[in-house]
Amino acid sequence: MKIYKSYKFRMYPNKEQEELINKTIGSCRFIYNYFLDKKVSNAYSGIKLIPELSKEKTFLKEVDSCALRNSVFNLEDAYKRYYKNLGGFPKFKIRGIHNSYKTNNIKSTYKGKYNNSIKLNLKNKTITLPKLKEVLIRGYRNKKNFNVVIKSAVIRKGANKYYVSVLTEEDIIIQPFKPNRIVGIDLEIKELLVTSHNEKIKNTIKFNEKRLKGLQSGLSRCKSGSKNRYKIKLKIQRLFMKIKNARKFLLHTITNKLIKENDIIAVENLDVKSMRQNHYIAKCLTENPIAEIIRVLNYKTNWNNKKLIEVDRYYPSSQLCSVCSYQNKYVKNLSIRTWQCPQCGHIHDRDLNAAINIMLEGLKIYIKTCEREIMTP
Ligand SMILES: [Zn+2]
């Protein structure tokens, strides 16, 4: 089975490289906006026009041509989404918001030697990119080499820092699935998660709203275009980025641990959309941590030959007694953290009990699918 993974590195370009990256980002934005203005929705007819356009706009000749072509494809995708009613009419790209470009790995042969336009060297900590040549990178300290095929790379600028995400393709052999350990997870926004093994993982990342408000009011006092305004803007961007990175790190640590220790992971199929509308977290951070955990678990279970089972969201995981299955409707009240089962007398911690029930229901679903597989010849 072929799987696609992306690896993100911080880049440390020198002055010239930095200039060229900025120029490429700008040129891609120019191409996108130019063809949007000319209402060119077909990528191939757009690409055909680039050489003629380059005679007039000579800066286009200096940058990676593959990145320019990708910009035209992006525009075509935006049009396609619009025609399929999946998105609004394509908008012009704005400087400062759309700060990235994509380039593909192009293989060629020269004098009998194979060459790739994108090369990753983890030993020397460099990435070779079209036009930029070798750029210093940092990240994945523990990886010695990549035994993968590079498909493409996205170069991104954020808060005056540079990053590259490398998309790779890998062939993996799938072994027969032999589950030994199962875990149920109760996901909560405040607690983050509780497992049926009674592990509690808290959402330790705090968003410093006070600082954000302070910076924002400082921003409104600055004159537009002033140096101070630029400095404060950068500080706000860094604040968001810091949170984003910390959350990503926590997310991957948790999911890696769950995948490593278990074969089947059962979660509640939550109504993420309505949660996003309701909760205060949506206010400052657009991504929902619960939806993110499920999304990451979904692809990591696929990569590692494990299974993710989603339990119906209407299954009353917190109301059922995990010992005798008595349903206690009184527990619907979210403020009840511990309760005693009126039937068997067992005292339950609300979240742990829910996690155990999700695990039991997940196991039931798994056994049912196995039975179905045996029954169908
Ligand atoms: Zn009971």
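Residues numbered from 1 in each chain as written. Predicted model: local features only at pLDDT ≥ 70, side-chain atom pairs only at ≥ 80, totals over all residues.

A. Highlighting the overall build of the protein. Scanning the protein from N- to C-terminus turns up ten helices and 16 strands. C-alpha extents for the protein along the principal axes are approximately 85 × 60 × 45 Å. With 377 residues in all, the protein has 23% of them scored as buried. Looking at the protein alone, contacts between residues at least 24 apart form 66% of all its contacts between residues at least 6 apart. (Helix = DSSP H or I, 4+ residues; strand = E, 2+ residues; numbered from the N terminus. Buried ≥ 20, exposed ≤ 12 C-beta atoms within 10 Å, placed from the backbone. Contact = placed C-beta atoms within 7 Å.)

B. Expanded view of helix α10 (residues 350–375). Along its 26 residues, α10 runs 38 Å from first to last C-alpha, staying within 8% of the 38 Å computed at 1.5 Å per residue. Where the residues of α10 are buried, they touch β10 (182–188), β11 (192–195), β13 (264–268), β14 (307–311), β15 (338–340) and β16 (347–349). (Expected span 1.5 Å × (residues − 1).)

C. A look at unusual backbone geometry. Unusually for a residue other than glycine, N85 sits at a positive phi of about 65 degrees. Its location among the elements puts N85 in the loop between α4 (65–83) and β2 (100–104). Even without a glycine there, the phi angle at N305 is positive, about 55 degrees. For N305, the position within the fold is in the loop between α9 (289–303) and β14. For N305, a count of 15 C-beta atoms within 10 Å puts it in the partly exposed group.

D. Seen up close, the pairing of strand β4 (residues 113–116). Inspection of the sheet shows strand β3 (residues 107–110) paired to β4 by four bridges, in the antiparallel sense. Across the sheet, S108 pairs through a bridge with N115, a residue of β4. Hairpin connection between β3 and β4: a loop of two residues separates the two successive antiparallel strands, and K111 in this loop has a positive phi of roughly 50 degrees. (Pairing = 2+ DSSP bridges.)

E. Looking closely at helix α2 (residues 43–56). If you check α2, its first and last C-alpha atoms are 20 Å apart, about what 14 residues at 1.5 Å a residue would give, namely 20 Å. At I50, α2 shows its largest kink, close to 35 degrees, and the proline P51 lies no more than four residues downstream. (Bend = angle between axes of the 7 residues up to and from the residue.)

F. Main features of the confidence of the model for the protein. Mean pLDDT over the protein: 88, with 94% of residues reaching 70 or higher. Per-residue pLDDT stays below 50 along residues 278–286; that stretch engages in nine contacts with residues further than four places along the chain or on separate chains. (pLDDT = per-residue confidence, 0-100.)

G. Quick look at the sheet that holds strand β6 (residues 126–129). Taken together, seven strands build an open sheet; the order of strands is β2-β8-β9-β1-β7-β6-β5 and the sheet is antiparallel. On the outer flanks of this sheet lie β2 and β5 (119–121), each paired with one strand and no other. The average undirected angle you get between the axes of adjacent strands in this sheet is 30 degrees. Taken together, the three bridges between strand β1 (residues 2–12) and strand β7 (residues 133–138) define a ladder with antiparallel strand orientation. Among the inter-strand pairings, Y12 is bridged to a residue of β7, identified as L136. Of the strands in this sheet, β2, β7, β8 (149–158) and β9 (161–171) are in contact with helix α1 (residues 15–37), which crosses β2 at around 95 degrees. (Axes fitted to C-alpha atoms, helices over the stretch in contact; angles between N-to-C directions.)

H. Examining the domain arrangement of the protein more closely. When the domains of the protein are assigned, the result is domain 1 (2–171) and domain 2 (182–204 + 259–375). The C-alpha centroid of domain 2 is placed 40 Å from the C-alpha centroid of domain 1. (Domains from an automatic or database assignment.)

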